[in-house]
Amino acid sequence: MSVDDLLKRYHAGERNFKGVNLIGGYLNGVNLSGASLKGASLSEVDLSKANLVGVDLTEASLVRANLTGANLTGANLSGANLHEAKLTGAILDGAVLKMADLIDADFTAANLEGANLYGAHMMGTLLQGAIMPDGKINN
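An unreviewed UniProt entry lists the chain under the name Pentapeptide repeat-containing protein, with Brasilonema bromeliae SPC951 as the source organism.

Shown next as structure tokens:
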């Protein structure tokens, strides 16, 4: 599926995009709130400044994806692969990242308040200036 096809279908009311392959796609600033991208291949996709509120990204591959400034409030990223993903300034308030691969991901200045990081793999994860799940800023 192409990015254009996905956006046309989303605007027509479709929300289930389970397993879609958009590797390397450009989705800067798009609104996909409430969509299901469960198991999607989104490696190296540009989702910077995207509205991803409540999106289901369970077990999605977001390796080296650009999520800078994206709004992932309430999103489900359980089991997602965010290896080397860039989430600088992203909003992940109340997001679920259980068992997610966050190795070498960049969460600099991200808002993780209320996020669930249970069992997340965080070796090399950058959290400078991030608001942690308990509301404290990580220095």
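Caption draft 1: Up close: the side chain of S48. Among the structural elements, S48 can be located in the segment after α1 (3-11). Of note is the side chain of S48, whose polar atom sits 2.6 Å from the side chain of D46. Not counting residues up to four positions away in its chain, the partners in contact with S48 are N28, G29, N66, L67 and T68.

Caption draft 2: Representation of the packing of aromatic side chains in the model. Counted by the stated rule, this structure contains zero aromatic pairs. In this structure, R15 packs its charged tip against the face of Y10, placed 3.7 Å from the ring centre.

Caption draft 3: Seen up close, the pattern of salt bridges. Under the definition given, this model contains three salt bridges. The salt bridge partner of R9 is E14, with a shortest N-O separation of 2.8 Å. The class of R9 is partly exposed, set by a relative accessible area of 36%. Among the residues examined, E14 registers a relative accessible area of 28% and is labelled partly exposed. Here E84 ties to R64 by a salt bridge, and the two come within 3.8 Å at their closest N and O atoms. Of this pair, E84 sits in the segment after α1 while R64 sits in the segment after α1, and the two are 20 residues apart along the sequence. For E84, a relative accessible area of 38% translates into the label partly exposed. Taking relative accessible area as the criterion, R64 reaches 44% and is therefore assigned partly exposed.

Caption draft 4: View of the side chain of S36. Along the chain, S36 falls in the segment after α1. Not counting the four nearest positions on each side in its chain, S36 is found in contact with R15, N16, F17, K18 and D56.

Caption draft 5: Structural detail: α1. Listed as buried for α1 are V3, L6, L7 and Y10. Buried residues of α1, viewed axially, fall in a sector of 95°; they line one side. Exposed residues on α1 whose side chains face more than 90 degrees from its buried face are D4 and K8. Backbone geometry just after α1 places G13 at a positive phi near 110°.

Caption draft 6: A look at the nonpolar core. Judged by nonpolar contacts, the single largest core of 48 residues is most densely connected at L37, L72, L77, L82, L87, L92 and L97. Those residues within four positions of L97 in sequence are excluded, and the remaining contacts are L77, L82, L92, L102, L112, A115, N116, L117, Y118 and A120.

Caption draft 7: Here's a closer look at the environment of E44. Relative to the elements of secondary structure, E44 occurs in the segment after α1. Overall, the relative accessible area of 43% leaves E44 in the partly exposed class. Each C-alpha atom of the pair E44 and A65 lies 4.2 Å from the other, and the pair is 21 residues apart in sequence. In this view, E44 contacts G24, G25, V63, R64 and A65; residues no more than four positions away in its chain are not counted.

Quick notes on the rules
- Residues numbered from 1 in each chain as written.
- Predicted model: local features only at pLDDT ≥ 70, side-chain atom pairs only at ≥ 80, totals over all residues.
- Heavy atoms only, no water.
- Helix = DSSP H or I, 4+ residues; strand = E, 2+ residues; numbered from the N terminus.
- Polar contact = N/O pair within 3.5 Å; in protein donor to acceptor, adjacent residues only side chain to side chain.
- Contact = heavy atoms within 4.5 Å.
- Phe/Tyr/Trp six-rings, centres within 6.5 Å; stacked < 30°, edge-to-face > 60°.
- Lys NZ or Arg CZ within 6 Å of the ring centre and 35° of its normal.
- Salt bridge = Lys/Arg side-chain N within 4 Å of Asp/Glu carboxyl O.
- Buried < 20%, exposed > 50% of the residue type's maximum accessible area, 1.4 Å probe, protein only.
- Arc of directions from axis to C-beta.
- Core = buried A, V, L, I, M, F, W, Y, C linked by side-chain atoms within 4.5 Å.

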